[in-house]
Amino acid sequence: MTEKDTPDSAKSSIWGGRFSSGPSQLMQDINASIDYDKRLYRQDIAGSRAHASMLAACGIISESDRDAIHGGLDTIGAEIAAGDFTFSAALEDIHMNIESRLAELIGEPARRLHTARSRNDQVATDFRLWVRELIDSVDEALAGLQAVLLRRAEEHADTLMPGFTHLQTAQPVTFGFHLMAYVEMFGRDRGRFADARARLNESPLGAAALAGTGFPTDRQMTAELLGFDRPMANAMDAVSDRDFALEFLSSAAICAVHMSRLAEEMVIWCSDRFGFIALSDAFTTGSSIMPQKRNPDAAELVRAKPGRIIGALNGLLIVLKGLPLAYGKDMQEDKEGVFDAADALGIALAATTGMVADMTARPENMRAALEQGFPTATDLADYLVRDLGLPFREAHHVSGSIVAIAAGKGCDLDALSLEEMQQVEPRITAAVMDILSCEAAVAMRRSFGGTAPDEVRARIAEARARYGIGAA
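Conventions adopted
Sequence order as written defines the numbering, with residues in each chain counted from 1. In keeping with the predicted nature of the model, local features appear solely for residues at pLDDT of at least 70, side-chain atom pairs appear and are counted solely at 80 or more, and the whole-chain, interface and lining totals rest on all residues. With hydrogens and water stripped out, all remaining heavy atoms of the structure feed into the side-chain values. Residues qualify for a patch when their relative accessible area is over 30% and they have no salt bridge, like charges being joined within 9 Å and the nonpolar side chains of Val, Leu, Ile, Met, Phe, Trp and Tyr within 5 Å. Each accessible area is a Shrake-Rupley estimate made with a 1.4 Å probe; only the visible protein chains count as cover when residues are assessed. What counts as a salt bridge is simple: a side-chain nitrogen of Lys or Arg found within 4 Å of a carboxyl oxygen of Asp or Glu. Helix and strand assignments come from DSSP, with helices taken as H or I runs of at least 4 residues and strands as E runs of at least 2, each series counted from the N terminus. Using a 1.4 Å probe on the protein chains alone, a residue whose accessible area is under 20% of its type maximum counts as buried, one over 50% counts as exposed, and one in between counts as partly exposed. Strands were regarded as paired on the criterion that DSSP finds at least two bridges between them. Using protein atoms alone on a 1 Å grid, points that fit a 1.4 Å probe yet trap it form a cavity, whereas open point sets bounded by protein on both sides within 12 Å along at least five of seven lines form a pocket; residues with an atom within 4 Å of a point count as lining. Grid points are joined across faces, edges and corners, and a volume is the space filled by probe spheres set on the points. Basically, the charged four are Asp, Glu, Lys and Arg, the nonpolar ten are Ala, Val, Leu, Ile, Met, Phe, Trp, Tyr, Cys and Pro, and anything else, Gly included, counts as polar.

Asks: Explain a nonpolar patch on the surface residue by residue, including any values.
Replies: Taken together, L210, M236 and L325 make up a surface patch of nonpolar side chains, about 270 Å² in accessible area. Tracing the backbone through its elements, the reader meets L325 in the loop between helix 12 (297-320) and helix 13 (334-358). Using a relative accessible area of 62% as the deciding quantity, one classes L325 as exposed.

Below, the structure written as structure tokens:
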């Protein structure tokens, strides 16, 4: 039966005897959620299977009813997966679409399935199961991104490049060191998602509408069957809570911002003015009018994704902020934003991983960029403190004066003569020449987490162990 052919009696039957006629078309349009919550079909079927098993174990329905329900649900799952299931907006949501079809398949036992539950706890359970699976897939994708970053960092542990502050040359670092910063950022993202998963892993099923049920149910059993750690302790909270969705969106927003920062750097690094990396045709596009262009569109689109995800987070916060307990229909607006954010996060993770694997580093351009901006000025100041005993503020002033001489001559610090530097500070010795090259400056930074190549390699090995990521 199609939605168009559904009689008014069927349209009102989900409400029972309280209503004598069906809702208006406008009410159907605003009330129906099946266009998007059909994503939850696997979770809805899993929840119903667990609920039927528990009802039979507690003697509330017969074992034959349970078996019929399980068989019918299996058939429905296969129909939906094959694209052979007709969804009806008149039946509003995924729960009633499945229950209606179940009644067509098995008859009377289907009408016993909803005993001791409500759509309120049913949708809360489905949504938690869906977000839990989503978090697991996101963690896997983030581990894959870390693995690619670690591999590229290992390849470029010795590749010199400028480190920037304010997008101005600051100090020399290595490209591997720079990439390792993102390994740590995405590691924190994995931790946030894991924390959210741990908190969401409680079962609302059996809370019913808001107050629990008078039937002798076993909520611990359904929690275990669905892989939850425990049932939620308060039935009203169980149907009202959407913290798990907010936590997912919050974690997703932070993760998307991290990817956006990396994407922005890739856009900069790809530019003609930098030329630090190149991306292949797989992640770039051309121009409709300028034949010479190779645009880093994939990176630019990743850079834009936080807008959608942050918008979804803000939207759900606003939906929830004024709701009294327990359930309001406003909460039907909880899913579309999460689904959209999940799609945006997934494609951004895939694109970012692909770009990091695809990019070709251009070490010669990175090294050439270190010839501008006096990147070893801090090393000169450190020498003055360490070897001559100057207070750092005085050393900073002396180093700045020497930089001014180099700027006037249009050369880097290591091109100045010892005599020129001694004009500013007579105590400077020839030993200063050993620390003014970029290679020396990088090699000296052996502190934990520093940019010295051996230290970068040590942190790569430690990160592999900490995040459980083997060498490629």
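What follows picks up the thread again.
Asks: Explain the pairing of strand 2 (residues 168-174) to me, using residue names and the numbers behind them.
Replies: Taken together, the 6 bridges between strand 1 (residues 160-165) and strand 2 define a ladder with antiparallel strand orientation. Of the residues in strand 2, the one forming a bridge with F164 is T169. Here strand 1 hands over to strand 2 after 2 residues, with H166 in that stretch at a positive phi of 55 degrees.

Asks: Can you break down the pattern of salt bridges residue by residue, with the values?
Replies: Here the structure, examined in full by the defined rule, presents 33 salt bridges. One salt bridge in this structure joins D67 and R66, with 3.0 Å as the shortest N-O distance. For D67, a relative accessible area of 44% translates into the label partly exposed. For the salt bridge of R303 with E264, the shortest nitrogen-to-oxygen distance reads 2.5 Å. One end of the pair, R303, is in helix 12; the other, E264, is in helix 11 (residues 243-270), and 39 residues separate them in sequence. For R303, a relative accessible area of 33% gives the class partly exposed.

Asks: Which residues make up empty space enclosed by the protein, and what values do they have?
Replies: Overall, the coordinates contain 1 cavity of 30 Å³ or more when judged by the stated rule. If you add up the space inside the largest cavity, you get close to 40 Å³. Every residue lining the largest cavity is listed: D44, S48, L73, H95, I98, E99, L102, L113, R117 and Q122. Secondary structure elements with two or more residues in the lining of the largest cavity: helix 4 (41-57) and helix 6 (94-106). With 4 residues, the single largest contributor to the lining of the largest cavity is helix 6. Looking at the lining of the largest cavity residue by residue, the classes come out as 4 nonpolar, 3 polar and 3 charged.

Asks: Lay out the environment of G354 in plain terms, naming residues and giving numbers.
Replies: Summarising the element assignment, G354 is placed in helix 13. Residues G354 and D37, spaced 317 residues apart in sequence, show a C-alpha to C-alpha distance of 30 Å.

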